[in-house]
Amino acid sequence: MKLRLFAVILIAGIVIGRSSAQAQPAGTTPPAGGAAPAAGAPATPPATPPATPPATPPAAGPGNAALTAAQSAFDEGQVAFLQGDFDKAAQKFKDAYAARPFAQFLYNIAASYHRKGKTKADPGAYDNAVIYYKQYLVDDPKAQDKEKVEKAIAVLEEEAKRLRANPTPATGAGTAPTAPSAAVQSLGDVGVRGLIVIESSPQGALIYMDGKANGPLGTTPWSGTITGEHLFTVEKRGYKQGEKRMAADPSKLAVLSFVIAEEDYLGWLEVKSNVPGADIYLDDKSVGAIGKTPYSGNFKPGKHTVWISADGYDEYQQDIEIIAGEAHEVTAQLKGSPVGYLNLRGPGIEDSRIYVDNEVLCERGPCRKPVKEGVHTITVRRPGYKPYVRRLEIQAKTEASLKIELAKKPGRADAVVAYVISAGFLGGGIYVGLQAKKYKTDLANEIAAGNPPPDANDPRFKRGKIYAIAADGAFALAGITALTAVYYTFRDKGAASAATIDVRAVALRPEIGPGYAGLGMEVHW
């Protein structure tokens, strides 16, 4: 009887203990000694338990089992995220990361916690988002969105502090969570990302996207986020080239697998230069560049000619012989200096001639030509217009764009009138000067003929003086108006020729490399 009673009491204790454990809220710690919270103390809002980033699992081999598991977990995580079950979404992305450690999975884990924190004002969820955002940047230090993620980390850390300092009072199930701060709102509605994985058998093949012109995307295995449809090519020394086209889905984990066969009859060519991005031509320059340095690929055996060129540098040429099954390397040392581009446009530019440092750059516009870096004198001339002259610094890898507005040369009608008036004064001066000389000559001839000196009141004396003074005045006025005419001829009146200048990167170009792909640009101001 006593033994049976003891067993009943023991079973009841176990049941009560389990019930107490189930009643304890997840993520909370009982007070020391089992003391209950003080009466009237504010209720602590439920918080998501702090997460620990998963240790990076050993890299999976090229087999499909791990990748299939990652795909399955990824798809489930996407569905859970869209349904608003952010905890489940985070867990599924963790499962995907455990199967294949792709950095984008860490971003999706962080995004799931981020959305949970924003939706439910949960500081613990924000803490977890920060943890996984940081781990994402550790796994992918060259992430294209690094600056944006670092900003999100700082904002979410502050938001978690704010929510803990001002917890939402527990007044019932219908209580709305605290609204996100303006800083959190400015981050927008974060979403999870798709992923493209490129693998090959054997691994270590070079990956090219949409041809070789932009250089290799990376080597297999590779993963990253790419939008749109592209042609992917893989190439490895001693193996056939593989090509596949894929339209990347931003909401899926897409896998592109290549199985490339050995190819012993081809040779391997590697081309390098001291100027990255130099154009490479093989055998026939008219077909265009086959790629840019650094470059590598399989080629048929035989003799070939390689040209390597870059703006501002002397062209490099080398004759080579490719042997089947062997590697050949071309290393070019280009001589010259970096260049920028000068681009001149504007109304009437097609009738203008463009000079750089007094040498003709373009016989007519529009004109876009490479110019060595440094300070140059730019001159634009057009018949009937004022020239445009400017000292301009050309920087390497930039384009200086000038929109030219040439001003018409002013008319010279005022100069012509001044010349005519000057000629009139000159002619009048000559005429009255000759009259004054005639009176003087007549008087001198009479005296020489033995006639008595003329009377002082002879009117010829007075007329001669008047004519002489008039001649001097006319000559003076002629000189003044002539100087005025010369001034009118050479003076620069009206607006000067001008230009609007914009200096920017040569182009927005694709940048691709191991673990990332996107657009890159550099700007000099």
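Quick notes on the rules
Residues numbered from 1 in each chain as written. Predicted model: local features only at pLDDT ≥ 70, side-chain atom pairs only at ≥ 80, totals over all residues. Heavy atoms only, no water. Pairing = 2+ DSSP bridges. Helix = DSSP H or I, 4+ residues; strand = E, 2+ residues; numbered from the N terminus. Axes fitted to C-alpha atoms, helices over the stretch in contact; angles between N-to-C directions. Core = buried A, V, L, I, M, F, W, Y, C linked by side-chain atoms within 4.5 Å. Buried < 20%, exposed > 50% of the residue type's maximum accessible area, 1.4 Å probe, protein only. Contact = heavy atoms within 4.5 Å. 1 Å grid on protein atoms, 1.4 Å probe; cavity = no way out; pocket = protein on both sides within 12 Å on 5 of 7 lines; lining within 4 Å. Points joined across faces, edges and corners; volume = space filled by probe spheres on them. Nonpolar A, V, L, I, M, F, W, Y, C, P; charged D, E, K, R; others polar. Patch = residues over 30% accessible without salt bridge, like charges linked within 9 Å, V, L, I, M, F, W, Y side chains within 5 Å. Areas by Shrake-Rupley, 256 points an atom, 1.4 Å probe, with all protein chains shown as cover. Salt bridge = Lys/Arg side-chain N within 4 Å of Asp/Glu carboxyl O. Expected span 1.5 Å × (residues − 1). Polar contact = N/O pair within 3.5 Å; in protein donor to acceptor, adjacent residues only side chain to side chain. Phe/Tyr/Trp six-rings, centres within 6.5 Å; stacked < 30°, edge-to-face > 60°. Lys NZ or Arg CZ within 6 Å of the ring centre and 35° of its normal. Parallel < 35°, antiparallel > 145°, perpendicular 65-115°, else oblique.

Caption draft 1: Inspection of the sheet that holds strand 10 (residues 291-292) at higher detail. Pairing is antiparallel in the open sheet, where four strands are placed in the order 10-9-12-13. Strands at the two margins of the open sheet, each flanked by one partner only, are strand 10 and strand 13 (316-322). Of the pairings in the sheet, the one linking strand 9 (residues 279-282) to strand 12 (residues 302-309) comprises four bridges and is antiparallel in character. Considered in strand 12, the bridge of Ile280 is made with Ile308.

Caption draft 2: Expanded view of the sheet that holds strand 11 (residues 295-299). The three strands are arranged 11-8-14 in an open sheet whose pairing can be described as mixed. What marks the edges here is a single partner per strand, and that holds for strand 11 and strand 14 (327-332). Across the sheet, the axes of successive neighbouring strands diverge by a mean angle of 20°, strand direction being ignored. Judged from the six bridges that link them, strand 8 (residues 267-273) and strand 14 form a sheet pairing that is parallel. By the bridge assignment for strand 14, Leu269 is matched with His328.

Caption draft 3: Structural view of the nonpolar core. Judged by nonpolar contacts, the single largest core of 45 residues is most densely connected at Phe105, Tyr133, Tyr136 and Leu156. Put simply, the parts of the chain that give this core at least two residues each are helix 2 (64-82), helix 3 (86-99), helix 4 (103-120), helix 5 (123-139), helix 6 (146-165) and strand 1 (195-201). Per-element accounting of this core gives the leading share, eight residues, to helix 4. Setting aside anything within four residues of it in sequence, one finds Tyr136 in contact with Ala103, Gln104, Leu106, Tyr107, Ala143, Asp145, Val149 and Arg193. One finds Ile354, Cys367, Ile394 and Ala400 within the second-largest nonpolar core, a separate group that totals 19 residues.

Caption draft 4: View of empty space enclosed by the protein. Under the definition given, this model contains one cavity of 30 Å³ or more. If you add up the space inside the largest cavity, you get close to 50 Å³. Lining the largest cavity we find 11 residues, and of these Leu195, Ile196, Ile226, Ala248 and Asp249 sit closest to its centre. Taken together, the residues of the lining of the largest cavity sort by class into six nonpolar, three polar and two charged.

Caption draft 5: Spotlight on unusual backbone geometry. Cis geometry is adopted by the peptide bond preceding Pro202, which originates at Ser201 and carries an omega value of 5°. Cis geometry marks the peptide bond from Thr220 to Pro221; its omega dihedral reads 0°. For Pro221, the position within the fold is in the loop between strand 3 (218-219) and strand 4 (222-224). Of note in the backbone geometry, Asp357 takes a positive phi value of approximately 55° without being a glycine. By the element assignment, Asp357 lies in the loop between strand 16 (353-356) and strand 17 (359-362).

Caption draft 6: Structural context of a nonpolar patch on the surface. A surface patch of nonpolar side chains, amounting to about 360 Å² of accessible area, comprises Leu426, Ile430, Leu434 and Phe475. Ranked by residues supplied to the nonpolar patch, first place goes to helix 8 (residues 413-448) with three residues. Here Ile430 shows up in helix 8.

Caption draft 7: Region of interest: helix 9 (residues 459-490). Between its terminal C-alpha atoms helix 9 stretches 47 Å, which fits the 46 Å expected from 32 residues at 1.5 Å a residue. In this structure, the buried side of helix 9 is in contact with helix 8.

Caption draft 8: Spatial organisation of the side chain of Asn298. By secondary structure assignment, the location of Asn298 is in strand 11. For Asn298, the side chain forms a polar contact with the main-chain oxygen of Tyr239, separated by 2.8 Å. Those residues in contact with Asn298, other than ones at most four positions away along the chain, are Glu235, Lys236, Arg237, Gly238, Tyr239, Leu266, Gly267 and Trp268.

Caption draft 9: Molecular detail of the packing of aromatic side chains. Within this structure, the stated rule accounts for 10 aromatic pairs. Consider the rings of Phe74 and Phe93, whose centres lie 5.6 Å apart with planes at 65°: the pair is edge-to-face. Of this pair, Phe74 sits in helix 2 while Phe93 is found in helix 3, placing the two residues 19 residues apart along the sequence. Overall, Phe74 belongs to the buried group, its relative accessible area being 0%. According to the relative accessible area criterion, Phe93 is buried, its value standing at 0%. Three or more aromatic residues link up through ring pairs in this structure, and these residues are Phe74, Phe93, Phe102 and Phe105. Above the plane of the ring of Tyr341 lies Arg368, whose end atom (NZ or CZ) is 4.1 Å from the centre. The positively charged end of Lys438 is found above the aromatic ring belonging to Tyr439, 6.0 Å away from the centroid.

Caption draft 10: Region of interest: the pairing of strand 17. The pairing of strand 16 with strand 17 spans three bridges and is antiparallel. Its bridge partner lying in strand 17, Tyr355 is registered against Val360.

Caption draft 11: Geometry of the packing of helix 3 against helix 4. The N-to-C vectors of helix 3 and helix 4 enclose an angle of 170°; their axes lie 8 Å apart at closest approach. When the interaxial angle is binned, helix 3 and helix 4 end up roughly antiparallel. Residues Phe86, Asp87, Ala89, Ala90, Phe93, Lys94, Ala96 and Tyr97 of helix 3 touch helix 4, and the partners they reach there are Phe105, Leu106, Asn108, Ile109, Ser112, Tyr113, Arg115, Lys116 and Thr119. Considered class by class, the residues forming the contact of helix 3 with helix 4 number 10 nonpolar, three polar and four charged.

Read these as spatial facts, not as claims about activity.
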